[in-house]
Amino acid sequence: MQQREDFLLKAYELGIIKFGKFTLKSGVESPFYVDLRPLASSPQLLKTLANNLLDLVEDVDYDLICGVPYAALPMATTMSLTSNIPLIIKRKENKGYGTKRMVEGVFEEGQSCLLVEDVITSGQSLLETVDQVEREGLKVHDLVVVLDREQGGVDKLREQGYNVMTLFTINEVIDILHKFHRLSDEETKQIKDFLQQPIEQPVSKQRIALEDKKIHHPVGKRLVELAIKKQSNLIASADLITSEEIVSFANKVGEHIVALKLHSDIIQDFSDQLITDLKIIAREKEFLLFEDRKFGDIGNTQELQFKKSIYKIADWADLVTVHPIGGLESLKVFDNTGVVTIVEMSSKGTLTDDYYFSKAVNLSEQSSNVLGCVAQRQLPENMLLFTPGVSISSTGDSKGQQYNTPELVFKNYHTDFMIVGRGIYKAADVKTAAKEYQTLGWISYLQSLNN
Ligand code: 5BU
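On to the sheet that holds strand β16 (residues 417–420). With parallel pairing, eight strands are arranged side by side around a closed barrel as β9-β10-β11-β12-β13-β14-β15-β16. Taken pair by pair, the neighbouring strands of this sheet meet at an average axis angle of 25°, ignoring direction. Two strands pair when backbone bridges link them, and strand β11 (residues 288–295) and strand β12 (residues 319–322) are joined in this way by three bridges, in the parallel orientation. Residue pairing in the sheet places Phe 295 in a bridge with Val 322 of β12.

Pasting the structure below:
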């Protein structure tokens, strides 16, 4: 007993549990937060922990030890080194990867493996992990977990026939910290009260209506206003290479769109006159001009490209796209133009994986220039989501583009604005196609509000 207490107090000093106000993934506010990753920084504690876990599974037979990144991986490694039982690693899902293998290491079908995890909460993610390991042909029966947050997970796994062994429950942890004066009576009561509450369901992921989004950038507000007024969330991409084609296209689709997206540097006869013409049409038909420049350099170069190139983007673009790869300060150079960061691309094999996505969204949220992002999945509610790769009839091209339908992007991604290029400008009747996308996009958006 004393050894367990001693271990816990030392682990507490490392910062594995913090008290305060924390919003959990489910949206629930918790008075404490547990993170066992710092344990890897203390070889002594890690060894003690591994020994404790091995003691727990003394009577269990297994051929392999399986660790799950990140927190449990050093624990499983230490258990493997101590017991001489080989280690395998259950990979974290990695979208966009070529190999489908979810478990790394040497193993044979039918071998039994002991699964090591840091924390068990509702048990849902642990069940998914077990399922993925079993799909590789391995047998899972025994699981050893450092901390049980006592939210039903252990029972859930036991009901399914798994043998779950846990080192600590959260109530025990709180009791020990209280006993040794790491927590006051008041704090202890508050946490215990929280733990007594019925387990809350995760906040529903219902999408919020455009008018309820908290968008601060004036261009973002204007875009939302236009969408509601015109009942359109369509941005047409005019990937055409002559001024004449672009002006004609803008005249035909103008009433159905909220923005016309251009790539200025593909226009062979780009001139100030083109911009003058487009500005007139944009004012008359009420849409914004969106330059899909995809800036991706240091701030100084981006500023020169934005203001000094022959395209004079700063003089006319309401919106521009920027890769946030150059860091937060590189986004400061766009003055009052609305910045849409590219946090995920639509094309096959894009390098914008989960890690890049979350860092890029984070950075975008910190910049007052940014009103939204280009992505293929849900964003935080304060960002407008722009989704290209949308087509009613095609699933992709021969150069890596991938398409989804308007229904799918509004329902699954909670897209705010869909970007359509070839689906419209290559249509036999451009105006009818724009109208069709507008109607379908708006209906899909309204339906997605009720899901
Ligand atoms: P399409 O013809 O609908 O495939 O054109 C899509 C447009 O959106 C095109 O101008 C691309 O440059 C742009 N796009 C994209 O397709 N995917 C992305 O991830 C980004 C931009 Br970012």
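More follows now that the structure is in view.
With 13 residues, helix α1 (residues 2–14) should reach 18 Å at 1.5 Å per residue; the first-to-last C-alpha distance of 19 Å fits that figure. Taken residue by residue, α1 has Glu 5, Phe 7, Leu 8, Leu 9, Ala 11 and Tyr 12 as its buried positions. After α1 finishes, the residue Gly 15 shows a positive phi value of roughly 100°.

An order of β5-β4-β3-β6-β7-β8 is seen for the six strands of this open sheet, with the pairing classed as mixed. If you trace the sheet from one side to the other, it starts and ends with β5 (103–104) and β8 (163–169), each paired once. With six bridges connecting them, strand β7 (residues 139–148) and β8 associate as parallel partners. Each bridged residue has a counterpart across the sheet, and for Val 145 the counterpart in β8 is Thr 166. Docked against the sheet, helix α4 (residues 124–135) engages β3 (64–67), β4 (87–90), β5, β6 (112–120) and β7, running at close to 160° with respect to β6.

Around the ligand sit 15 residues in total, of which Asp 239, Ser 346, Gln 401, Tyr 403 and Arg 422 are the nearest. With respect to the ligand, the side chain of Ser 346 contributes an N or O atom lying 2.7 Å from a nitrogen atom. Between the ligand and the protein, one listed contact pairs an oxygen atom with a side-chain N or O atom of Arg 422 at 2.7 Å. In isolation the ligand offers 500 Å² of accessible surface; the protein chains occlude 90% of this area. Per-class residue counts for the shell around the ligand are five nonpolar, five polar and five charged.

What counts, and at which threshold
Residues numbered from 1 in each chain as written. Predicted model: local features only at pLDDT ≥ 70, side-chain atom pairs only at ≥ 80, totals over all residues. Heavy atoms only, no water. Pairing = 2+ DSSP bridges. Helix = DSSP H or I, 4+ residues; strand = E, 2+ residues; numbered from the N terminus. Axes fitted to C-alpha atoms, helices over the stretch in contact; angles between N-to-C directions. Expected span 1.5 Å × (residues − 1). Buried < 20%, exposed > 50% of the residue type's maximum accessible area, 1.4 Å probe, protein only. Contact = heavy atoms within 4.5 Å. Near = heavy atom within 4 Å. Polar contact = N/O pair within 3.5 Å; in protein donor to acceptor, adjacent residues only side chain to side chain. Areas by Shrake-Rupley, 256 points an atom, 1.4 Å probe, with all protein chains shown as cover. Nonpolar A, V, L, I, M, F, W, Y, C, P; charged D, E, K, R; others polar.

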